[in-house]
Every structure is written in structure tokens, then in C-alpha cells.
Amino acid sequence: MADRPDKRRPPTRGRSRPRTPGAGRGASGSGTPGTGTDGAAPRRRPRLTGRSAVLVLVLAVLAVSYASSMRAYLEQRAHIGDLKAEISEREAAIDDLSLERQRWDDPAYAEQQARERFGYVMPGETSYVVLDEDGEPLEPEATLSGDTPADPTDEQAWWDRAWSSVETAGDPPRTEEAPAVRVDGTQR
């Protein structure tokens, strides 16, 4: 079987003739180094083959689809976070309103609100209303304005007064006029 050529064997890709030992690159045959025995330059394989181009294309499609899916996922997570914050705010508002409703069930609170908001008084009570300079009633939170506000006197702090008395005791102030009577009792 080794004597006869194998006819069932498929032809190899990229080669037009079968390779014989000693022929081709680096063989010491006729021709220049790097050329075949017949003197033709060897065929260089292209860097980008059909398979690698398809692989790059498939990877690019996968990357684009993954990126768009990731973007949609992140947008949905942000939207869910916003909705959860809104839900918590509304639950807090519901709690506040339920507390307010419980307060209104108390008759003392209802009476207090009627007095504050509408100026209601009980029978026998006298209501006083403070008017401003235009004759309009003042709001409870309003303040009266005077011509000049009462300024508190600018008092020194106690430690400043104490220190100034120490300084004065060490060096008393001199008066301009001489005393009328000397210490020995003589007149000037």
C-alpha cells in the first residue's frame, strides 16, 4: 500500500503541488534561499482570513448587543430606584396625614385650631384684635415696628471693667488744677 499513491486523499488547501521532503523554504536545492525548487517566491498567507473576519464580525455584533442590553439594564435600575424613593416619600406623607387625622379627632385640638385660625372665643371671653397703622388686623406672627428700636446700653463685660479699675489704680488720672489746700494745711 505504501507503493501506490493515495487517490482518496483530498487536495490540501493553498498548495498546488504536494510537498516533497527537501523542497521549499530552507532546503538546499536550486534557487535562492526562501524560494522553492522552481525559483518562484513562496505564497504568503494573508493576515486577515475569511474565518478571522467572520469571528471579528460576530464579536462586534455580540459586543453591540451586550452594550445595548447593559444600557437598558442600567436605565431600568435607575428607574426602579427613583420609583422606590417616590414610594417612600408618599408613605411618609400618608403617615403624616394619618397623624393629622388622629389629632382632629381630639376635641381640644379642634377647639385650639378654631381659636387660632378663625379667632373663635368661648361665651364670656373677650377677644382683642391688634390693628396696624392702616387699621388692618395684624397676623399673630407679625411684629410691631417702632420709631427707634430699644437699644440695650453698651455695657462692658465684667472682666473689662475689672481690668480697667486695676489700670486706673496703678496710674490715677492727673487733674489740671491744683488743690486749694495743701496737705500741710497751708494755702497756695
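Residues numbered from 1 in each chain as written. Predicted model: local features only at pLDDT ≥ 70, side-chain atom pairs only at ≥ 80, totals over all residues. Heavy atoms only, no water.

Topic: the overall build of the chain
(1) Moving on: Of regular secondary structure, the chain possesses three helices and zero strands.
(2) Moving on: For the chain, the sequential pattern of α-helices and β-strands runs α-α-α.
(3) Moving on: In the chain, buried positions account for 3% of the 188 residues.
(4) Moving on: In the chain, once contacts between residues fewer than 6 apart in sequence are set aside, the share between residues at least 24 apart is 5%. (Helix = DSSP H or I, 4+ residues; strand = E, 2+ residues; numbered from the N terminus. Buried < 20%, exposed > 50% of the residue type's maximum accessible area, 1.4 Å probe, protein only. Contact = heavy atoms within 4.5 Å.)

Description of helix H2 (residues 107-118)
(1) Moving on: A rise of 1.5 Å per residue sets the reference length of H2, with its 12 residues, at 16 Å; its end C-alpha atoms lie 16 Å apart and thus fit the reference within 8%.
(2) Moving on: On the buried face of H2, the contacting elements are helix H1 (50-104). (Expected span 1.5 Å × (residues − 1).)

Here we look at the packing of aromatic side chains
(1) Moving on: Tallied over the entire structure, the rule returns three aromatic pairs.
(2) Moving on: Both rings, one in Trp 104 and one in Tyr 109, keep their centres 5.2 Å apart while their planes meet at 80°; by these two values the pair is edge-to-face.
(3) Moving on: Given the relative accessible area of 16%, Tyr 109 is considered buried. (Phe/Tyr/Trp six-rings, centres within 6.5 Å; stacked < 30°, edge-to-face > 60°.)

With respect to the pattern of salt bridges
(1) Moving on: Taken as a whole, this structure holds five salt bridges when the rule is applied.
(2) Moving on: Linking Arg 115 and Glu 125 is a salt bridge whose minimum nitrogen-to-oxygen distance equals 2.9 Å. With Arg 115 in helix H2 and Glu 125 in the loop between H2 and helix H3 (158-170), this pair connects stretches of sequence that are 10 residues apart.
(3) Moving on: Several salt bridges converge on common partners, so that one network encompasses Glu 111, Arg 115 and Glu 125. (Salt bridge = Lys/Arg side-chain N within 4 Å of Asp/Glu carboxyl O.)

A short note on the side chain of Gln 113
(1) Moving on: Relative to the elements of secondary structure, Gln 113 occurs in helix H2.
(2) Moving on: Among the residues examined, Gln 113 registers a relative accessible area of 9% and is labelled buried.
(3) Moving on: Ignoring sequence-local partners within four residues, the contact set of Gln 113 consists of Trp 104 and Phe 118.

Description of the packing of H1 against H2
(1) Moving on: The N-to-C vectors of H1 and H2 enclose an angle of 95°; their axes lie 7 Å apart at closest approach. Taken as axis vectors, H1 and H2 run roughly perpendicular relative to one another. From H1, Glu 100, Arg 103 and Trp 104 reach across to H2, where they touch Tyr 109, Ala 110, Gln 113 and Arg 117.
(2) Moving on: By residue class, the composition of the contact of H1 with H2 is three nonpolar, one polar and three charged. (Axes fitted to C-alpha atoms, helices over the stretch in contact; angles between N-to-C directions. Parallel < 35°, antiparallel > 145°, perpendicular 65-115°, else oblique. Nonpolar A, V, L, I, M, F, W, Y, C, P; charged D, E, K, R; others polar.)

A closer look at the confidence of the model for the chain
Detailed reading of the predicted coordinates is not advisable wherever pLDDT falls low.
(1) Moving on: Residues of the chain with pLDDT of at least 70 account for 69%, and the chain-wide mean is 78.
(2) Moving on: The lowest-confidence element of the chain is H3, averaging 85 in pLDDT; the highest-confidence one is H1, averaging 94. (pLDDT = per-residue confidence, 0-100.)

Brief notes about a nonpolar patch on the surface
(1) Moving on: A cluster of nonpolar side chains, Val 54, Leu 55, Val 58, Leu 59 and Leu 62, forms an exposed patch at the surface whose accessible area comes to about 460 Å².
(2) Moving on: Mapped onto the elements of the fold, Leu 55 is located in helix H1. (Patch = residues over 30% accessible without salt bridge, like charges linked within 9 Å, V, L, I, M, F, W, Y side chains within 5 Å. Areas by Shrake-Rupley, 256 points an atom, 1.4 Å probe, with all protein chains shown as cover.)

Some words on the environment of Glu 139
(1) Moving on: Along the polypeptide, Glu 139 turns up in the loop between H2 and H3.
(2) Moving on: For the pair Glu 139 and Val 129, spaced 10 residues apart in sequence, the C-alpha separation works out to 9.5 Å.

Section: the environment of Tyr 109
(1) Moving on: Position of Tyr 109 among the secondary structure elements: in helix H2.
(2) Moving on: Residue contacts for Tyr 109: discarding those within four places in its chain leaves Glu 100, Arg 103 and Trp 104.
(3) Moving on: Engagement of the side chain of Tyr 109 in a polar contact is seen with the side chain of Glu 100, the distance being 3.3 Å. (Polar contact = N/O pair within 3.5 Å; in protein donor to acceptor, adjacent residues only side chain to side chain.)

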